[in-house]
Amino acid sequence: MRILPVLCALLLLMLQGATVLSLARGSRQDCERRGGFCSHRSCPPGIGRVGLCSEQEFCCRMRWYP
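Nothing here was measured: the structure is a model prediction, and the numbers come from that model.

Asks: Any chance you could break down the packing of aromatic side chains for me, citing the residues and the numbers?
Replies: Summed over the entire model, instances satisfying the criterion amount to zero aromatic pairs. The positively charged end of R49 is found above the aromatic ring belonging to F58, 3.9 Å away from the centroid.

As structure tokens, then:
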């Protein structure tokens with residue numbers, strides 16, 4: 001009976017990890033919705049990476065500082 005809480009905690013950690021992995025990969029539409037654009041292999045100088053469009057494309061966006 002002592003193992004049941006440990007198994008529940010482990011299951012919750014696995015589910016949380018799966019959620020993070022599914023959010024790591026974005027799409028072109030998600031990038032454009034965030035005000036960015038997809039760039040192949042790297043972002044231009046002065047432009048920051050804000051996510052992923054695919055395995056070989058980064059979501060790039062100009063960083064605004066107040």
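Asks: Lay out the confidence of the model for the protein chain in plain terms, naming residues and giving numbers.
Replies: Confidence in the prediction of the protein chain, expressed as mean pLDDT, is 78, and 76% of residues score 70 or more. In this model, residues 18-24 is a region of pLDDT below 50 whose contacts with residues beyond four sequence positions or in other chains number one contact.

Asks: Residue-level account of the pairing of strand 3 (residues 57-61), with values.
Replies: Two faces, one strand: in a regular strand the side chains alternate between the faces of the sheet. Along strand 3, four of the five residues are buried, which leaves the element largely enclosed by surrounding structure. Pairing of strand 1 (residues 37-40) with strand 3 involves four bridges; the strand directions are antiparallel. Its bridge partner being in strand 3, S39 is matched across the sheet by F58. Note: strand 2 (residues 48-52) against strand 3, four bridges, orientation antiparallel. When the bridges of strand 3 are listed, L52 appears paired with F58. Counting the residues between successive antiparallel strands, the hairpin from strand 2 to strand 3 contains four residues.

About the cut-offs
By convention here, each chain's residues receive numbers from 1 onward along its written sequence. Whole-chain, interface and lining totals are the exception, using all residues; otherwise, since this is a predicted model, local features are given only for residues with pLDDT of at least 70 and side-chain atom pairs are given and counted only at 80 or more. Side-chain descriptors were evaluated using all non-hydrogen atoms of the structure, hydrogens and water having been removed beforehand. Stacked, edge-to-face and tilted are the three classes for Phe, Tyr and Trp ring pairs, Trp counted by its six-membered ring, which pair at centre distances within 6.5 Å; planes under 30 degrees apart are stacked, over 60 edge-to-face, the rest tilted. Only lysine NZ and arginine CZ atoms are considered, and such an atom sits over a ring when it is within 6 Å of the ring centre and within 35 degrees of the ring normal. Each residue gets a pLDDT score, which is the predictor's confidence in that residue and runs from 0 to 100. The contact definition used throughout considers only heavy atoms, calling two residues in contact when any of these lie within 4.5 Å. Throughout this description, buried means an accessible area under 20% of the type-specific maximum (1.4 Å probe, protein chains only), exposed means over 50%, and partly exposed covers the range between. Helix numbering and strand numbering both begin at the N terminus, where a helix is a DSSP run of H or I of at least 4 residues and a strand a DSSP run of E of at least 2. Pairs of strands are assigned from DSSP output, requiring at least two bridges between the strands.

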